[in-house]
Amino acid sequence: MSIRHRLNIIIVTLFSALLISLCVLGMDMRRDLARTTAGASRLGQLSDVWDVIAIAALHPDEPARASGLAGTRRDSVAADTELSALRALLDGLAQANTVPDLLKRAREGMPAIADPMEAGGAVNGQVLRLSRLVTTQLPEMLWRLTELRADTHALALRDRLDLTDRMRFLVNAGQFKAAADAIDTAFPLHPQTGRKTALQQAMTDFSRASLEFRQATEALARKINVASASEPFLTLKPRPLDAAYAGLAEASVKLQSQAFARIANAIDGDISSRRWTMLGVAAVTILATLLALSLALSLSSSIVRAIAALEGRIRSIADGGDDDPRVPQMPQEEEHSELFRITRAVIDCRDRVAERVAAAAQDEKRRDLELIFEGNPLPLILHDPQTTCIVAVNSTAVEHYGYCREEFTRLCIADLRAPACAIVDGPYDGNAAIRHCKADGEMIEVLPFEREIRYDGRQIKLTTIVDITARRRAEARLAFLAHFDPLTQLANRVLLQKKLAEEIRRGGEREGYRFSLLCLDLDRFKMVNDTLGHDAGDRVLRTVADRLSALVEPGDTVARLGGDEFTLLICGPNGPQRADGLAEMVCGILSEPCTIDGARLALGGSVGVSHYPEHGRCGDDLMKHADLAQHQAKTEGRGRVCVFEPSMDEALRQRQTLETDLREALELHRLELHYQPLIDMKTNIVSGFEALVRWNDPVRGQVPPGKFIPIAEEVGLIEEIGTWVLNEACREVAGWPNGVKVAVNVSSYQIRSGNMVRRVREALDASGLAPHRLELEITESVLLIDSAATIRTLHEIRDLGVRIAMDDFGTGYSSLSYLRAFPFDKVKIDQSFVADLGNTAEANAIIRAIAGLSSELGMTTTAEGIETEDQLRYIRAHGCTQAQGFLTGRPVPAKEARIYAAGEVETLHAVLEHMREAEGESDAPEKRAVLSG
């Protein structure tokens, strides 16, 4: 595109920009004119409303007159969207029953009409203040004025004034004064030397009338304050207030009229001014556009002529130097002209550009060399293709190999290879990895890449070294982790399955081939993690892995499947024969104590055995059957060896069915509570009950708790069952006599959940049971897991007023230390000691010691499992304070337990007699003899 065309485009663009600016300015001014016109329309709407306000203010005792006028004006308003606010306001004024109510509605509705006018910019500062005067301040003052007048006349009808009447009058007077002060503040009176305008005169009259009304109000307020309560209000004569009201109302209407006139004049002037401004701006813009267009055309012609002359000169210079005969010479008189100076500048620029291009080419070559060679993150080596001598290396090679540059130049490329590395014939293409030796003797594995380049005028080889040593190590580590356990270095599940698949394949190829699988896990291993920490647990696992590895023979596999689960794959011709004896040896080494952080631990383990092919011909069956045997061994008492039997599979299915039915029973509310009485040994009276959960299955009948409670603990249902037992026991016992307590068993899972304190509080609040009537029984195993946190939880429960009892005392690990760590309210002696009473001296001594210790510590002692008269006689003699067992009362449903609690069966004699009647026994006299003894 030529310069002339570009100048023409610039001129057209300038002309278009000016026209667009003119259009935008005209649209903006037209928009302002439209907003000003809309303001005038809003002013007319406000005038309609003020006609109603004026009638209401001037005739306060005739509200129907103002309401009627509002209705008339409403009916005359067109159903237009822009007039919806006016129509709604007039409709509200027409529905007003009193003048104060009408003025209040006007005060609230007029800003909605005036706000669009103010927001649209249709008013200036003075008009804005006048607009707020007529839409907000004057309606507010008239509303407060009429309320004060109406309140005064209402008080005049009363015979007596109380303190409330006085305060209401003073509050209304204060609200009027605040509204009048707002107007005086917005329009202060200034001394005028000349003639006042109509608006100023109206404002002066308003201020005078406002002052008179305030004086009348203050005088009436003083009379009200000094008047006695027995003096009738009619004696105060509030007529001066009415006269002042009439003057102030007239002054307000006059002020509103003058304000409206001023606003109308300002809007009309604004409209006229904007129109003349639009015409002036349009004329100036047109003249400026024509002048700019003329100047642009003149300048364009001058520039085109100068550029044409300069173009011819530059074309001549571009063809040769300044002394080239092809370059036309400038006349002598033009040596100081602008064209001459531009020509010289072009020549100098051409020469400098040529110099800089040459220098840039040199710099680019150096930068390319540095970027490709010296700055490369990979080691690069230049060597002679004939002699293989190293010519140069980059800094990365120096850092990577440890040789300095001088040492590199004395080496050949073959000197970097490791001594035992095979020499590769042909060029290195990165497909074969070789080993190099660093300066410090470290061996690395690399992939070399070679190519020939031109360097210093000769052909030379560039070798790029890629060190893959770390990658090889990572691959080896990943391969190890894919098949071995990182903690114990034993085979993992993946490798075990591969070994097992190989053995099964051999069994399919060889007739009579047999092998065995041993599954085991550690007993009480979770206690180690919970008490000593996971680091101690890891050391225990490594110790067990070392012991197991020492037992097996080459060809056998020891694997850790996860947690504390291990598996031994015993192979060879005598595998099954060795497996039985090896399983016993495994139990033996697992029972041997190990010392961790000074703690001597004796864990033990249970082992399950399955043989190929008797117990399965695929890996999954063998693993499942060995695991079933291991679970059976744990069920039979831990530390045992159990070989798989087909009946175990059926037992597993029955257990799974029982688990499913237990979940269903919990959802369908088939669990129920039975209550076993606790007998006070001093009074022989039922002092409380222990709540025991029972499950009456529609198919199995009564399912023993010892059968479904362990399953609930394993599958995570124990917390939900425990919460239900707690809530149900509290709800039931809350309606029994106040002296009867209830004991609820709490499992370690509930304590560890962290919600036990909240659950107990919710159960007490929901049932209304007094906290001292609830007793929670825990076993010593609860305190073995995070003892400090458990004791803290027990203290929080005890702070609620709930009693805490130690159940099965004497069968745990360190009972005496727990009695010292937490002040239990009760100790329940385990029934295993009660069963040996009278048979062994040790049992008598233990119960006597526990009862004496509990008595010294202020604890109640309950003997569990009382089934004979001799046992009852012994525990009474040894100092136990409570008895519990089948002799004193079996667990019964809540309906029968209420009979005991209600006092219908009060003493132990009566309990035994009631049991005899229920069970058909005939030896009650003998039991009564025991009790009387």
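Residues numbered from 1 in each chain as written. Predicted model: local features only at pLDDT ≥ 70, side-chain atom pairs only at ≥ 80, totals over all residues. Heavy atoms only, no water.

- Labelled according to an unreviewed UniProt entry, the chain appears under the name Diguanylate cyclase (GGDEF)-like protein, originating from Breoghania corrubedonensis.

1. Concerning the pattern of salt bridges
Working definition: two side chains of opposite charge can pair if their charged atoms are close together.
Okay, step 1: Counted under the stated rule, the structure contains 44 salt bridges.
Okay, step 2: With a closest N to O distance of 3.8 Å, E62 and R65 form a salt bridge.
Okay, step 3: Given a relative accessible area of 44%, R65 falls into the partly exposed group.
Okay, step 4: For R803, the salt bridge goes to E775, with nearest N and O atoms at 3.1 Å. With R803 in strand β18 (residues 803–809) and E775 in strand β17 (residues 774–778), this residue pair connects regions lying 28 residues apart in the sequence.
Okay, step 5: A single salt-bridge network, built from bridges that share partners, covers R107, E140, R144 and E147. (Salt bridge = Lys/Arg side-chain N within 4 Å of Asp/Glu carboxyl O. Buried < 20%, exposed > 50% of the residue type's maximum accessible area, 1.4 Å probe, protein only. Helix = DSSP H or I, 4+ residues; strand = E, 2+ residues; numbered from the N terminus.)

2. Points about the side chain of T567
Okay, step 1: Considering the arrangement of structural elements, one finds T567 in strand β8 (residues 565–570).
Okay, step 2: Taking the relative accessible area as the measure of exposure, T567 reaches 0% and is therefore buried.

3. Some details on the packing of helix α2 (residues 63–76) against helix α3 (residues 84–94)
Okay, step 1: At a minimum axis separation of 7 Å, α2 and α3 run at an interaxial angle of 150°. Between α2 and α3, the angle falls in the class roughly antiparallel. Considering how the two elements wind past one another, α2 and α3 form a crossing that is left-handed. Together, S67, A70, G71, R73 and R74 of α2 and R87, L90, D91, L93 and A94 of α3 make up the contact between the two elements. (Axes fitted to C-alpha atoms, helices over the stretch in contact; angles between N-to-C directions. Parallel < 35°, antiparallel > 145°, perpendicular 65-115°, else oblique. Left-handed = near helix turned anticlockwise from the far one by under 90°. Contact = heavy atoms within 4.5 Å.)

4. Brief notes about unusual backbone geometry
Okay, step 1: Residue Y612 is joined to P613 through a cis peptide bond whose omega torsion reads 5°.
Okay, step 2: Here P613 lies in the loop between β11 (605–612) and α17 (619–635).
Okay, step 3: Positive phi values are uncommon outside glycine, yet Q489 reaches one of about 65°.
Okay, step 4: Positionally, Q489 belongs in the loop between α12 (469–483) and α13 (493–509).
Okay, step 5: Positive phi, normally seen in glycine, also occurs at H669, with a value near 60°.
Okay, step 6: For H669, the position within the fold is in the loop between α18 (646–667) and β13 (671–680).

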